[in-house]
Amino acid sequence: MTQWVYLFSEGSKEQKGLLGGKGANLAEMTKLGLPVPTGFTVTTDACLCYLNQGNVLTEEMKGQIIQAVDQLAEKTQKAFGDAENPLLVSVRSGSKFSMPGMMDTVLNLGLNDQTVETLARNSQNERFAYDCYRRLLQMFGDVVMGIDNQKFESRITALKKVHQLEFDNELTAEHWKQIVTEYKEIYRQNIQREFPQDPIEQLYLAIEAVFGSWNNQRAKTYRRLHDISDDLGTAVNIQEMVFGNFGETSGTGVVFSRNPSTGEPGLFGEYLINAQGEDVVAGVRTPKPIQTLADDLPEQYQQLKTICENLEKHYKDMQDVEFTIEREKLFILQTRNGKRTSKATITILLDMFNEGLITEDELVMRLEAKDLEASLHPSFQEETLKNRVPFLTGLAASPGAAVGAAYFTADSATLAKARGEKVILVREETSPEDIEGIAVSEAVVTARGGMTSHAAVVARGMGICSVVGCEALTMEEDQGIVGGETIQEGTILSVDGTTGSVYFGEISLEELSNTVALDDLHEIWDRHAKFQVRANAETPKDIETAMALGATGIGLARTEHMFFEKSRLLQFRRLILADSLNERLEVLKHLKQVQKDDFKFIYQAAQGKATTIRLLDPPLHEFLPKNNDECREVAKDLGKTFNEVKRKTDNLAETNPMLGFRGLRLGVAYPEIYQMQGEAIIEAAYEVMNEQGYEIQPEIMIPFTIDAEEFARVRESIETAIQTSLAQYEQEINYQIGTMIEIPRACLVADQIAKYADFFSFGTNDLTQMVLGLSRDDSPRIVTQYLEAGIMQDDPFQVLDEDGVGAMMKIAIEKGRQVKPDLKIGICGEAAAHPKSIAFLNQLPINYISCSPFRIPQAKMTLAQHGV
Ligand code: ADP
Ligand code: MG
Ligand code: MG
């Protein structure tokens, strides 16, 4: 025989699947000895069986229900329909997951024309009894019989009007009696039946209605939207009624054991004196803050407080508790883990850890990415967002949310910002010249480009929200077109970089919570993490952000955009257009000075933490004048002829610069450039060490290596320069010269390269592009198609491609460590920080990953979770 019915005293909180969340917790609280009105639960299995067998309660179920009712009667010394002591119950639905849309609760079941009289007599309060009865008629009619609640409510409204009364609680016993008569009439009119007088019949009907509501449209939709299975079913809880509407020493309310929006400790909630059930949420009367209960009913307040504290200890989580006080006696009607804001989540977890309620492992495991995200980036208010549909979607390139006016160029953006506007930069795509425009913007939206496009990388680095690769957007000079809609300069947009959505108009932002709490977490995370998380950052501001967000060092400080700044760009052009070594050395002398300052800033901001500086990497092509006009300009600036500049430029131009003259190849062709950078790095380190007292061991990183001999030569030339530099000092500086591993060949000959390299750092963007033969700039169209077709599971530029790129990395690691068992190995590509990538990387013997500053906390959190 299947057990379809469980007394509260039989179940436990582990049985949410069978008893539903509400039932399991009522059982648990009963077991803990808390003052829970007695009752029993009809299981979710019974619900599924009922639905499968043509919507009938089997005789077996009915038998068990009757038996449980008898036990309830025995315990309470009351009985259904009893002339002295009538048993009244509530019928409450409750599935495994809290699920609005399911059938509502029916209170006061068991009342009928006779028992209402008894209730009036026993309570010596006729008004109370008839109010209870009309509530039953109303709830039962609405919820079980499907009669529109408005039909009932309108009668009360009409009556109040006749007697010129404002509130329900001003109605008298006679009024409620009249309402009861009218309600019964509504039954006859709407369902051609009398309200069932037999409590057992009421009970069966109510249980059947709860079971049936599992399949109502509201519930189905809710499940679909929240990914809840249709096969769970709902349980039904039948529980002895207690009355908060018994007079001035009764009441009902809802409390959280801590503040659900800030996380602050202490009870938080509301209650009403002389009220029943849903009155508190129904908004008929304004509830009072829970603290004033300490004055109204001090003893009960203390008891409630203690119970909440104990429930928290028991559940190890903030609780959301329903209570009712009947003539000074406190009852607990429900407890569950309370919903809370992300900010509150972090605060509560840390507090509970400090209070000894949860262990360090639990603290680490219970934080979720979305909570961190919300404490680092602004987000839109959930409530407001619910009713809004984005007109444009793209890749969620950089998290956060922002509202502002659209501008199409860096210049117009900068001007608008200067006028005091909040700006959203909307462009086809961005390039290094747009940096300033990005910096003044609240968000960046581009029509083209993937997760590693310029806009995405720069926005992420700056912590600015960004949506890229919005394929539906066509940019014209003075407007953006999306289907039938247009964006003009000045159009107000709301951009959600966390979901990749763009909306017309303004959506309210959630207040940003402070990040102070993170400080405490970093220490804990670091203890559990298998490897470190460094930052990709080079500007002092980014490095400071990275340090504040817990970076253990700098894994990648790029030196190229230092050259894109106007005056330096000119110098650099002079360098590559020079006719002689002498002319080049002249320029380099000047550049060395500015680079040294750059590096000093980097070291200072990094506060002595490990810092890897990458030597110049970008294709030479990018520095060339772009057209005849620019050639003419450069010629004038440099005192050369147009033809000279033009010829040189044409000579250096490439069809495929990304696979051309860049990285180490520049170092081979112009050793003096890397020599200059090497010297500047060492000299900057020396000065900062002496001025600031930091211990600095520069890590010099050479990009784009393909070959051991290639690397060895360039290393040697850099070292020669460094040695000369060092000769001026009395002090030794421990430096390392390592390489990026970002080309498949480098992986395959990693053992040879490791003979000369002090460390490896995988560059996953280039490595992915080359292992997959997939241009990182043009990938979105292809990747989107592959994702839709199910050929790819994830964008390989967002989630490390374990089978291809990952396998390549494994080869390189193994080969490298064969030669140098202690070889330091890092990864400096953004994809490494993705939680899925971390799950894979956690199995590899690497020393660190490096990502943009704002992704550090989440990366560390994920890493720590793998370490628990
Ligand atoms: P919901 O899931 O919508 O909160 P509940 O089943 O918790 O529905 O009940 C709705 C309201 O009725 C709550 O305020 C609850 O406290 C009250 N209630 C439920 N059962 C009883 C009972 N046996 N006695 C008194 N009030 C009850
Ligand atoms: Mg409800
Ligand atoms: Mg409830």
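Here the structure is a predicted model, which is why all the values come from computation and not from measurement.

(A) Region of interest: the confidence of the model for the chain. Here the chain averages 92 in pLDDT, while 98% of its residues score no lower than 70. Two summary scores accompany this predicted model of the complex, namely pTM at 0.80 and ipTM at 0.96.

(B) How the structure looks around the side chain of aspartate 496. As for its position among the elements, aspartate 496 is in strand S20 (residues 492-496). Within the structure, aspartate 496 has its side chain in polar contact with the backbone nitrogen of threonine 499 (distance 3.2 Å). Sequence-distant contacts of aspartate 496, defined by excluding residues within four places in its chain, comprise Phe380, Leu385, Gly400, Ala401, Val467, Ser501 and Tyr503.

(C) Structural view of the nonpolar core. Counting residues in hydrophobic clusters, the biggest one holds 97 residues, and the most contacted among them are Phe762, Leu841 and Ile849. Of all the elements, helix H27 (residues 671-692) adds the most residues to this core, at 11 residues. Dropping the residues within four chain positions of it, isoleucine 849 is found in contact with Phe531, Gln532, Val533, Arg534, Ile827, Ala832, Ala833, Ile838, Leu841 and Ala859. Counting 70 residues, the second-largest nonpolar core is a separate cluster that includes Met61, Ala68, Ala129 and Tyr130.

(D) Spotlight on the coordination of the magnesium ion (ligand 3). Each protein donor to the magnesium ion (ligand 3) is listed here as Glu322 (OE) and Gln334 (OE1); together their distances run 1.9 to 2.1 Å. Residue glutamate 322 is located in strand S9 (residues 319-326), and its partner glutamine 334 is located in strand S10 (residues 329-337); the two are separated by 12 residues in the primary sequence. Residue classification places glutamate 322 among the partly exposed residues on the basis of a relative accessible area of 24%.

(E) Spotlight on the sheet that holds S20. Spatial strand order, S11-S21-S20-S13-S14-S15-S16-S12: eight strands in an open sheet with mixed pairing. The open sheet terminates on both sides in strands that have one partner only, identified here as strand S11 (392-393) and strand S12 (395-398). Helix H17 (residues 410-418) contacts strand S13 (401-407) and strand S14 (423-427) of the sheet and is inclined by roughly 170° relative to S14.

(F) Main features of the pattern of salt bridges. In the structure shown here, the tally under the stated rule is 61 salt bridges. Between lysine 31 and glutamate 28 there is a salt bridge, with the nearest N and O atoms lying 3.7 Å from each other. Taken together, the residues span about one helical turn, with lysine 31 and glutamate 28 both in helix H1 (residues 16-31) at a distance of three residues. Overall, the relative accessible area of 4% leaves glutamate 28 in the buried class. One network of salt bridges, with partners in common, ties together Lys592, Lys596, Lys600, Glu679, Glu683, Glu687 and Glu691.

(G) The pairing of strand S22 (residues 532-536), seen in detail. With respect to burial, S22 is a largely interior element, four of its five residues being buried. Where S22 meets strand S29 (residues 848-851), four bridges bridge the pair, whose relative direction is parallel. When the bridges of S29 are listed, arginine 534 appears paired with serine 850. Direction of pairing for S22 relative to strand S23 (residues 553-557): parallel, over a ladder of two bridges. Within the sheet, the bridge partner assigned to alanine 535 lies in S23 and is isoleucine 554. A crossover links S22 with its parallel partner S23, the connecting element being helix H21 (residues 540-548), and its sense is right-handed.

(H) Region of interest: the pairing of strand S16 (residues 465-468). Covered by surrounding structure in S16 are Cys465 and Val467 together with Ser466 and Val468, the residues of both alternating faces. Summarising the sheet, S12 and S16 pair through three bridges and their orientation is antiparallel. Across the sheet, residue serine 398 finds its bridge partner in S16, namely serine 466.

(I) How the structure looks around the environment of threonine 43. With respect to the helices and strands, threonine 43 occurs in the loop between strand S2 (39-42) and helix H2 (44-52). You can call threonine 43 buried: its relative accessible area is 0%. Separated by 167 residues in the primary sequence, threonine 43 and valine 210 place their C-alpha atoms 12 Å from one another. With near-sequence residues (within four places) excluded, threonine 43 lies in contact with Gln3, Trp4, Tyr6, Leu18, Leu19, Phe211, Thr234 and Ala235.

(J) Broad picture of helix H32 (residues 779-789). Every buried residue of H32 is listed here: Ser779, Pro780 and Val783. On an axial view of H32, the arc spanned by its buried residues comes to 90°, and they lie on one face. Along H32, the residues that are exposed and aim more than 90 degrees away from the buried face are Arg781, Gln785, Glu788 and Ala789. Phi turns positive, to about 80°, at glycine 790, one or two residues after H32.

Reading the values: rules and limits
Residues numbered from 1 in each chain as written. Chains lettered and ligands numbered in written order. Predicted model: local features only at pLDDT ≥ 70, side-chain atom pairs only at ≥ 80, totals over all residues. Heavy atoms only, no water. pLDDT = per-residue confidence, 0-100. Helix = DSSP H or I, 4+ residues; strand = E, 2+ residues; numbered from the N terminus. Polar contact = N/O pair within 3.5 Å; in protein donor to acceptor, adjacent residues only side chain to side chain. Contact = heavy atoms within 4.5 Å. Core = buried A, V, L, I, M, F, W, Y, C linked by side-chain atoms within 4.5 Å. Buried < 20%, exposed > 50% of the residue type's maximum accessible area, 1.4 Å probe, protein only. Donors = N, O, S within 2.8 Å, 3.2 Å for Na, K, Ca; no water. Pairing = 2+ DSSP bridges. Axes fitted to C-alpha atoms, helices over the stretch in contact; angles between N-to-C directions. Salt bridge = Lys/Arg side-chain N within 4 Å of Asp/Glu carboxyl O. Right-handed = clockwise from strand over helix to strand, strands pointing away. Arc of directions from axis to C-beta.

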